[in-house]
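# Report on the structure
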Amino acid sequence: MEAESEPYVRLATMRQLHQAVADLNTARSLADTLQTVADGIVAGLGYELGCVNLVRPDGDLVIAAFAGNAAAEALITGRVGSRASWERRLSMGEAWDSLRFIPHTEGWVLLDDDVPQWHTEGPEPRFEDEWHPLDRLYAPMYAAAGGRDLLGVISVDRPRNGRRPGAWGREALQMYASQAAIAISNARLRANMQRALVRLEREQQALRASEESFRQAFEYAPSGMAIAEMGGDQQGRLLRTNDALCRLLGRPASVMRRYSFADLVHPEDIGTLLRTSAEGGRAELRLSRRDGTYLWVSLRNSVVADTADGPRFLLTHVEDIEERKRHELNLAHRASHDALTGLPNSAELKSRLSARICERPHSPAATAIEALDAAYGDVESSLTHGYQADGYEGEAVPDGGPFDHHVHTVAPDPEHDDGTKGLAVLFCDLDGFKSINDRFGHHTGDAVLIEVSRRLSTCVRDGDTVARLGGDEFVVLADGLGAADAADLAVRLRNAIIPPIRVDGRAVRVGASFGIGWAECGMTVEEVLRSADQRMYVEKRSRSKVHRRAG
């Protein structure tokens, strides 16, 4: 009977199979595809029950879709069978090409394993190919044709004709399993692509939101912000600046893009800028404004890097610290200058003086023979005529030798003017100042000190120092003078002080006594000042009282 109707069965089965496969391609999601596969088993292949078992990421198989019995679908859909139990099933029974058939005579051992199953009781088969309720037929699905990467397993039950499938029925089930595997793989690919697209869209939205947030934070920041290029021919060029930085430097954004920070920084601060740009971090320096003035700013640099290409650009935060710097400079000035006269105070005078002298005395220049001896290792000669380059104990080098970079300060000989120039220290003490304070009060005395300071400052050169030690004592440092030059300077300073000083409509006069000392290496700062002070008192006592009086 089956042989006579075989052509008609094949034709009908082919039509049904074609429709079932066509339905697979209309499913929109993975879940729809899986259910369509199960429905196609029932509608297109002539089985009463169809089940799709899908391999999970952990390797176990879950019942992803069921068709043919609503009660069975509700009971076992979503349940999981272990991979080991499935491997056991796919190695039992009879191999029908890629299918696996387990007759009821062998399958009874599977009743107690962990694979979810649904079966009904029934009578023993009456003939050889009749289907038994405990017969099992599986169609493995593989991810690639001819591959062994298991995607899932289709299980079928209860053929409608009540017989085990013949050759054509088996071939149809294999063909359907192959097409179902392709459809499931494509559905998974579409699902992954959709998830990737959703994730990409979310990332792009987040990126756009982040960029917008950065743009607003950049543009509307209360302090200056800039983005500068790193690397290439345009190293350091400003790519973008915010309004706050444009206002700070007095230049529009279109003009700022023509510059780099190196074009705007004060020449003395270029080294600081280059170090900060290369390493990131923070620096305080001066930037030029459009009107030519310089503004103190704090730069905080962040190197924005690309893991593949290295640093891409420099994000710079520019903060105006002009007021703080002015305050710091004012504090530093107050710490080093006299509050009344504005002249350097005693501490600043000693600092400037100590910078010019060292602890080792200047020695006469070595002879040519001595210099050769020292150069070729004559230790005795070296120890005789020089000191170690750092000025401390130890093996020495000849004065002015290759390791001695200090320019020694020497004192001219006051008895024989041989043309030697030195650092003159003129110690000045005002004559008659105490009587002015006593007679007219400290207000008048302060006015006199201020005017004397001004007169002394106008009589010296740029680079010379006029300092107030305290009270009515002043010190002048003048470098590059001979003995006669220093004496002439003392006379000019004294003559500048003698003219009357008007305070509140009253004319008062003070005199001045000067002692000339010389700074010389090997002396301490205290010794230099004490020497000039002593000579000032010698000069004061040597002059008659009439010449010293003031009033």
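Look up a bit, the structure's there.
A brief look at the structure comes next. (Residues numbered from 1 in each chain as written. Predicted model: local features only at pLDDT ≥ 70, side-chain atom pairs only at ≥ 80, totals over all residues. Heavy atoms only, no water.)

### A short note on the overall build of the chain
To keep it simple, the criterion reads: Strands here mean DSSP runs of E at least two residues long; helices mean DSSP runs of H or I at least four residues long; both are numbered from the N terminus. Under the scheme applied here, a residue whose accessible area is under 20% of the maximum for its type counts as buried, over 50% as exposed, and between as partly exposed, the area being computed with a 1.4 Å probe on protein chains only. Only the protein chains shown count as cover for residues, and all accessible areas are computed by the Shrake-Rupley method using a 1.4 Å probe.
Assigned secondary structure in the chain consists of 19 helices and 20 strands. For the chain, with 551 residues in total, the buried portion stands at 42%. Within the structure as shown, the chain displays about 30,200 Å² of accessible surface, and the carbon and sulfur contribution to it stands at 52%.

### As for the sheet that holds strand S17 (residues 473-481)
To be explicit about the condition: DSSP calls a pair of strands paired once it identifies at least 2 bridges connecting them. All axes here are fitted lines through C-alpha atoms, helices being fitted over the stretch that makes contact, and every angle between N-to-C directions spans 0 to 180 degrees. The contact criterion used throughout is that any non-hydrogen atoms of two residues lie within 4.5 Å.
In spatial order, the strands read S16-S17-S15-S20; together these four strands make up an open sheet with antiparallel pairing. Edge positions in the sheet fall to strand S16 (465-470) and strand S20 (511-519), since each of these pairs with one other strand and no more. Direction aside, neighbouring strands of the sheet carry axes that sit 25° apart on average. Relative to S17, strand S15 (residues 422-431) runs antiparallel, the two sharing seven bridges. Bridge assignment links Cys-428 to a residue of S17, and that residue is Phe-474. Lying over the sheet, helix H12 (residues 346-354) contacts S15, S16, S17 and S20, oriented at roughly 135° with respect to S16.

### Side note on empty space enclosed by the protein
Sizing a probe to match a water molecule and rolling it over the atoms shows the empty space that remains. Put simply, the rule reads: Space inside and on the surface of the protein is sampled on a 1 Å grid over the protein atoms alone, with a cavity defined as a set of points where a 1.4 Å probe fits but cannot get out and a pocket as an open set with protein on both sides within 12 Å along at least 5 of 7 lines; lining residues have an atom within 4 Å of a point. Grid points are joined across faces, edges and corners, and a volume is the space filled by probe spheres set on the points.
Here the structure, examined in full by the defined rule, presents two cavities of 30 Å³ or more. Considering only enclosed or pocket space, the largest cavity measures out at about 280 Å³ in volume. Taken together, 23 residues make up the lining of the largest cavity; nearest its centre are Gln-117, Trp-118, Tyr-138, Ser-155 and Asp-157. Of all the elements, strand S1 (residues 47-55) adds the most residues to the lining of the largest cavity, at four residues.

### A short note on helix H15 (residues 433-440)
Which entries qualify depends on this criterion: Read the arc as the range of directions from the helix axis to the C-beta atoms.
Here H15 has its buried residues at Phe-433, Ile-436 and Asn-437. In an axial view of H15, the angular spread of the buried residues amounts to 100°, which keeps them on one side of the axis. H15 presents Lys-434, Asp-438 and Arg-439 as exposed residues on the side facing more than 90 degrees away from its buried surface. Each element contacted by the buried residues of H15 is listed here: S15, helix H16 (442-458) and strand S19 (506-508).

### Some points on the nonpolar core
Note the threshold: What makes a nonpolar core is a set of buried Ala, Val, Leu, Ile, Met, Phe, Trp, Tyr and Cys residues whose side-chain atoms join them at distances within 4.5 Å.
Among the nonpolar cores identified, the biggest contains 34 residues, and Val-37, Leu-137, Met-141, Ile-154, Leu-173 and Tyr-176 are the most heavily contacted of them. Elements with a minimum of two residues in this core: helix H1 (2-24), helix H2 (30-44), S1, strand S2 (61-67), strand S5 (99-102), strand S6 (136-142), strand S7 (150-159) and helix H6 (167-219). At eight residues, the largest contribution of residues to this core is made by H6. Among residues more than four places away in sequence, those in contact with Val-37 are Leu-24, Val-52, Ile-154, Tyr-176, Ala-180 and Ile-184. Formed by 29 residues, the second largest nonpolar core is a distinct cluster that contains Ala-424, Leu-449, Val-460 and Ala-486.

### Some remarks on the packing of H16 against helix H17 (residues 483-497)
Convention followed: Crossing handedness: left-handed means the near helix sits turned counterclockwise from the far one by under a right angle, and right-handed means the same turn made clockwise. Gly falls in the polar group here, along with every residue not listed as nonpolar (Ala, Val, Leu, Ile, Met, Phe, Trp, Tyr, Cys, Pro) or charged (Asp, Glu, Lys, Arg).
Where H16 meets H17, the axes come as close as 9 Å, and the angle between the chain directions of the two elements is 145°. For the crossing formed where H16 meets H17, the hand is right-handed. The segment H16 lies against H17, with Val-452, Arg-455 and Leu-456 engaging Leu-493, Ala-496 and Ile-497. Looking at the contact of H16 with H17 residue by residue, the classes come out as five nonpolar, no polar and one charged.

### Concerning the packing of aromatic side chains
The line we're drawing: Only Phe, Tyr and Trp rings are paired, with Trp represented by its six-membered ring, and only when their centres lie within 6.5 Å; those with planes under 30 degrees apart are stacked, over 60 edge-to-face, the remainder tilted. Counted as over-ring charges are cases with an Arg CZ or a Lys NZ within 6 Å of the ring centre that also lie within 35 degrees of the ring normal.
Per the stated rule, a full pass over the model turns up four aromatic pairs. Relative to Phe-218, the ring of Phe-214 lies with its centre 5.7 Å away and its plane at 35°, an arrangement referred to as tilted. Here Phe-218 and Phe-214 lie together in helix H6, a separation of four residues that amounts to about one turn. You can call Phe-214 partly exposed: its relative accessible area is 34%. Taken together, the ring pairs connect Trp-96, Phe-101 and Trp-131 into an aromatic cluster. Against the face of Trp-86 rests Arg-89, its NZ or CZ located 5.8 Å from the ring centre.

### Structural notes on the side chain of His-317
Just so we agree on the cut-off: Polar contact criterion, stated in full: a pair of N or O atoms within 3.5 Å, where within protein one must be able to donate a hydrogen and the other to accept it, and residues adjacent in sequence count only if both atoms are side-chain atoms.
Structurally, the position occupied by His-317 is in strand S12 (residues 310-320). When its relative accessible area of 17% is taken as the criterion, His-317 is described as buried. Separated by 2.5 Å, the side chains of His-317 and Ser-223 make a polar contact. Once residues lying within four places of it in the same chain are set aside, the contact partners of His-317 are Ser-223, Gly-224, Met-225, Ser-298, Leu-299 and Arg-300.

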